[in-house]
Amino acid sequence: MVDEALSAGAVARRLGVAVTTLRTWHQRYGLGPSEHIPGHHRRYTASDLARLEIMRRLTAEGVSPAEAARWARQAPEPMPNGSGTVAPARIHPTGRDGGGSIPVGRAGPAARGLARAAMRLDAAAISETIAHALAASGVVATWEGLLRPVLAGIGERHAATAGLIEVEHLMSRCVSEALAAASRANVPTGPARILLSCADEEQHTLPLEALAAALAEAGVSYRMLGARVPVAALVEAVNRTGPAAVVLWSHTRATADPTQLSALLAAPRRPLLVLAAGPGWRADTLPAGVVRPVDLAEAVSLSAAVRDSLDQSRRD
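Not measured: the values here are computed from a predicted model.

Some words on the nonpolar core
Here is step 1 of the chain: With 53 residues, the main nonpolar core has Ile-126, Met-171 and Leu-211 as its most contacted residues.
Here is step 2 of the chain: Counting contributing residues, this core receives three or more from each of domain 2 (109–184) and domain 3 (188–313).
Here is step 3 of the chain: Sequence-distant contacts of Ile-126, that is, excluding residues within four places in its chain, are made with Leu-114, Ala-117, Ala-118, Leu-170, Met-171 and Cys-174.
Here is step 4 of the chain: Counting residues in hydrophobic clusters, the runner-up holds 21 residues, among them Val-19, Leu-58, Val-63 and Ala-72.

Points about the sheet that holds strand β3 (residues 194–198)
Either a parallel or an antiparallel arrangement is found when strands of a sheet pair, and the pairing is made through backbone hydrogen bonds.
Here is step 1 of the chain: With parallel pairing, 5 strands are arranged side by side in an open sheet as β4-β3-β5-β6-β7. Each edge of the sheet is formed by a strand with only one pairing partner; in this case those strands are β4 (222–226) and β7 (290–291).
Here is step 2 of the chain: Sheet analysis places strand β5 (residues 245–249) next to strand β6 (residues 273–277), joined by 5 bridges and oriented parallel. Opposite Ala-245, over in β6, you have Leu-273 as the bridge partner.
Here is step 3 of the chain: Relative to the sheet, helix α9 (residues 206–217) contacts β3, β4 and β5, its axis offset from that of β3 by approximately 165°.
Here is step 4 of the chain: Strands in contact with helix α10 (residues 231–241) are β3, β4 and β5; relative to β3, the strand with the most contacts, it is inclined by about 170°.

Examining helix α8 (residues 165–185)
Here is step 1 of the chain: The terminal C-alpha atoms of α8 lie 30 Å apart, and with 21 residues this matches the ideal 30 Å at 1.5 Å per residue to within 8%.
Here is step 2 of the chain: Looking only at α8, the buried set comprises Val-167, Leu-170, Met-171, Cys-174, Val-175, Ala-178, Leu-179, Ala-182 and Ser-183.
Here is step 3 of the chain: Among the structural elements, α5 (109–119), α6 (123–137), α7 (139–161), α9 and β4 are those in contact with the buried residues of α8.

Notes on the confidence of the model for the protein chain
Here is step 1 of the chain: For the protein chain, per-residue confidence averages 87 on the pLDDT scale, and residues scoring 70 or more make up 86% of the total.
Here is step 2 of the chain: Long-range and interchain partners of residues 79–99, a stretch whose pLDDT sits below 50, account for 37 contacts in this model, where long-range means more than four residues apart.

A closer look at the environment of Ala-131
Here is step 1 of the chain: With respect to the element layout, Ala-131 can be found in helix α6.
Here is step 2 of the chain: Since its relative accessible area comes to 43%, Ala-131 is described here as partly exposed.

As for the pairing of β5
Here is step 1 of the chain: The buried fraction of β5 amounts to 5 of the 5 residues, a majority that puts the element mostly inside the structure.
Here is step 2 of the chain: Here β5 shows two buried faces, one formed by Ala-245, Val-247 and Trp-249 and the other by Val-246 and Leu-248.
Here is step 3 of the chain: By the bridge criterion, 5 bridges tie β3 to β5 in an arrangement that is parallel. Within β5, the residue paired with Cys-198 across the bridge is Trp-249.
Here is step 4 of the chain: For the crossover that starts at β5, traverses helix α11 (residues 258–265) and ends in the parallel β6, the hand is right-handed.

Examining α11
Here is step 1 of the chain: Listed as buried for α11 are Gln-260, Leu-261, Leu-264 and Leu-265. Along the axis of α11, the buried positions cluster into a sector of 140°, meaning they face one direction only.
Here is step 2 of the chain: On its buried face, α11 sits against α10, β5, β6 and β7.

Rules and cut-offs
- Residues numbered from 1 in each chain as written.
- Predicted model: local features only at pLDDT ≥ 70, side-chain atom pairs only at ≥ 80, totals over all residues.
- Heavy atoms only, no water.
- Core = buried A, V, L, I, M, F, W, Y, C linked by side-chain atoms within 4.5 Å.
- Buried < 20%, exposed > 50% of the residue type's maximum accessible area, 1.4 Å probe, protein only.
- Domains from an automatic or database assignment.
- Contact = heavy atoms within 4.5 Å.
- Pairing = 2+ DSSP bridges.
- Helix = DSSP H or I, 4+ residues; strand = E, 2+ residues; numbered from the N terminus.
- Axes fitted to C-alpha atoms, helices over the stretch in contact; angles between N-to-C directions.
- Expected span 1.5 Å × (residues − 1).
- pLDDT = per-residue confidence, 0-100.
- Right-handed = clockwise from strand over helix to strand, strands pointing away.
- Arc of directions from axis to C-beta.

Right, here's the structure in full:
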């Protein structure tokens with residue numbers, strides 16, 4: 001919880017709801033911002049946020065909005081906690097806990113709000129949160145600080161419970177759509193020097209889609225082959241297009257066959273740089289000459305550098 005007044009957008013991100021939902025709760029149920037400074041928009045105080053948290057939690061548990069608003073309005077003022085901030089009152093008239101939560105580690109309020117929206121299958125709030133983060137912070141920061149923690153948390157919960165498949169599917173679709181929109185908004189000019197591909201039988205494409213959006217944002221043109229690309233098809237694509245760099249993504253050890261990398265190095269039109277991206281690859285199994293980027297930012301930086309190097313050599 002916070003002790004500063006917040007805008008509607010900031011509150012929406014913390015709660016994992018859409019701004020339009022906040023407006024509805026304000027207009028229909030009187031759960032609006034209470035701090036008013038002449039000449040400025042009203043802002044939400046810590047008490048407002050505590051009541052809205054109750055409203056969000058109860059509606060997620062199946063309580064009608066009108067009944068949830070009544071409980072929220074009757075809630076006592078939040079009490080200070082040990083850190084000098086305030087903690088919301090805990091009200092559970094239904095006796096349920098909302099079905100658990102998605103762990104996001106040390107990620108910030110926006111990630112916690114996104115996780116809550118994912119648990120509610122609230123596609124509008126998910127998409128709004130991601131779009132705001134992309135516009136405000138860019139692709140790399142949004143992926144590392146918002147999307148990756150939530151996606152990893154969903155995977156962790158699924159591994160522990162065998163559940164949340166519907167959450168994973170909806171979240172993946174929203175992320176994919178947002179990244180595609182970001183790529184379309186930053187279409188680079190010039191020839192595509194970077195080839196992006198998943199390893200043979202690899203179906204996890206979101207990190208590669210994040211790289212594509214980050215490259216577009218950095219002005220680097222690319223080709224995306226997508227999921228489950230057989231090595232023969234990948235080598236054929238390399239020979240036909242002559243990319244400066246190839247990024248081969250593997251999410252699991254099962255798809256990280258180093259012979260795929262060796263085939264790229266042996267291609268007639270061998271790329272200047274081969275990147276083995278993803279947690280599937282083991283550093284001690286990579287062929288000589290293959291680079292394993294540590295994160296999305298490094299993959300973007302290396303791709304841009306090799307593109308620039310090739311362009312410079314051709315100008316010379």
